[in-house]
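So you can see what is in the structure, the chains are spelled out below.
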Amino acid sequence: MEPPALPEGLKRKATTIVEEEGIGFSLFKPQLWHYVEAKCPSGTVPIRRTTESDLLRAEKISHYGKKKHRPFYPPQTPLIHSSLNENGHQHAISYVEGDRYYGAKAVINVWSPSIEVPNEFSLSQLWVLAGSFEGDLNSIEAGWQVSPDLYGDNNTRLFTYWTSDAYQATGCYNLLCSGFVQISDQIALGATISPVSNYDDKQFDIDILIWKDPRAGNWWMSFGQNCVLGYWPAALFSSLADAATMVEWGGEVVNSEPGNRHTSTQMGSGHFPSEGFGRASYFSNLQIVDANNNLQSPGNLNTYSENSGCYDVEDGYNSEWGYYFYYGGPGYNERCP
């Protein structure tokens, strides 16, 4: 299927701020598989191979490639706070709600956070959401993640996810089930992103845009400056058949409390937002897509983290990055026992 027109108003972060900081800045480089000069034959797309060891790491074959949790939803009652803490997932995010959203975009700084326990993960992504957690939640997600349980290593990888029933039966990561339709032969979902950022050194980031085709109703994804990766067919969704009611950007980790203490699994760079550029991870150029297929500043941004002593978030705005935020942290420390 030919992709629809990209939304109007695409904005790319300039390098002025970076030069003022005196730290080198680089745009996204190829995925690791590109270094072997691999190329897909005409009419095909790259698909990460599923191995026997991948399947054996799953609790059940039916669980392979599926999330075991719910994403963050702004807490309205103490009960929701309690349920979030019980499932072990912690977030540091920025979000908008209360309007109709037809897509979202961000520039995401790429790092390689350390994971303490193999069944934990650390990810940085955007969520496009509609529905409720009573069973009809629709979610489209994309970003980067480190997940030893899913991939068998600690590499930073590009990923997508979707669900139409609050993660109960539908949806999966990447191309591990029917759903997302890939059209690009340039980028592989689940493949390693290389290189990644280093502390006080060169910084690397990726552009991700998700938007709804105003005519056909499919939800499309663009990666980088001009690579339309593929789409989620409109028929997959109920609540997202019209528009999203919430957009989130940020980080998430699993805290399995090894040794009856907080995990030391890192979020983002593993450093707190107060350390700033080149040290803390960031999202920049936050934008949403309106009903006229135009990219707009989000406005009325909120931030949230369950425990700022473990992982925190600090937002801001300037003429170069637009709306942005730094986020993340080390997990276990004296402020996060």
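Reading guide: rules and limits
- Residues numbered from 1 in each chain as written.
- Predicted model: local features only at pLDDT ≥ 70, side-chain atom pairs only at ≥ 80, totals over all residues.
- Heavy atoms only, no water.
- Helix = DSSP H or I, 4+ residues; strand = E, 2+ residues; numbered from the N terminus.
- Buried < 20%, exposed > 50% of the residue type's maximum accessible area, 1.4 Å probe, protein only.
- Contact = heavy atoms within 4.5 Å.
- Core = buried A, V, L, I, M, F, W, Y, C linked by side-chain atoms within 4.5 Å.
- Disulfide = S-S within 2.5 Å.
- Salt bridge = Lys/Arg side-chain N within 4 Å of Asp/Glu carboxyl O.
- Phe/Tyr/Trp six-rings, centres within 6.5 Å; stacked < 30°, edge-to-face > 60°.
- Lys NZ or Arg CZ within 6 Å of the ring centre and 35° of its normal.

## Concerning the overall build of the chain
Then step 1. Each helix and strand in the chain was counted, giving four helices and 15 strands.
Then step 2. Scored against the burial criterion, the 337 residues of the chain give a buried share of 55%.
Then step 3. Excluding contacts between residues fewer than 6 apart, the proportion of contacts in the chain whose partners are at least 24 apart in sequence is 74%.

## Section: the nonpolar core
Then step 1. Core analysis: the largest hydrophobic core is formed by 50 residues, its most contacted members being Val128, Trp144, Leu158, Ile208, Trp232 and Trp249.
Then step 2. Ignoring any residue separated from it by four or fewer positions in sequence, one finds Val128 in contact with Ala104, Asn138, Ser139, Ile140, Ile210, Trp219, Leu240, Ala244 and Met246.
Then step 3. Ile93, Leu123, Tyr167 and Met246 belong to the second largest nonpolar core, which has 19 residues in total.

## Thoughts on the state of the cysteines
Then step 1. Tallying each qualifying case throughout the model produces two disulfides.
Then step 2. Two residues, Cys310 and Cys336, share a disulfide whose sulfurs are 1.9 Å apart. Of note, the bridge from Cys310 to Cys336 carries an S-S torsion of about 90 degrees and is right-handed in sense. Residue Cys310 is found in the loop between strand 13 (302–305) and strand 14 (312–318), and its partner Cys336 is found in the segment after strand 15 (322–328); the two are separated by 26 residues along the sequence.
Then step 3. Numbered by order of appearance in the sequence, the disulfide-linked cysteines of the chain pair as 1-2, 3-4.

## Topic: the pattern of salt bridges
Then step 1. Counting across every chain of the model gives eight salt bridges.
Then step 2. The salt bridge partner of Arg261 is Glu116, with a shortest N-O separation of 2.5 Å. Separated by 145 residues along the polypeptide, Arg261 in the loop between strand 10 (244–254) and strand 11 (281–289) and Glu116 in the loop between strand 2 (103–109) and strand 3 (122–130) bring together distant segments of the chain.
Then step 3. Owing to a relative accessible area of 26%, Arg261 belongs among the partly exposed residues under this scheme.
Then step 4. Assessed through its relative accessible area of 29%, Glu116 is described here as partly exposed.
Then step 5. When salt bridges with common partners are traced through the structure, they connect Arg48, Asp54 and Arg57 into a single cluster.

## Remarks on the packing of aromatic side chains
Then step 1. All told, the structure shown has 17 aromatic pairs when counted by the stated rule.
Then step 2. The interplanar angle of 70 degrees and the centroid separation of 5.3 Å between the aromatic rings of Phe283 and Tyr327 together place this pair among those described as edge-to-face. You can see Phe283 sitting in strand 11 and its partner Tyr327 sitting in strand 15, a full 44 residues away along the chain.
Then step 3. Overall, Phe283 belongs to the buried group, its relative accessible area being 0%.
Then step 4. A cation sits over an aromatic face here: Lys67 above Tyr161, 5.2 Å from the ring centre.

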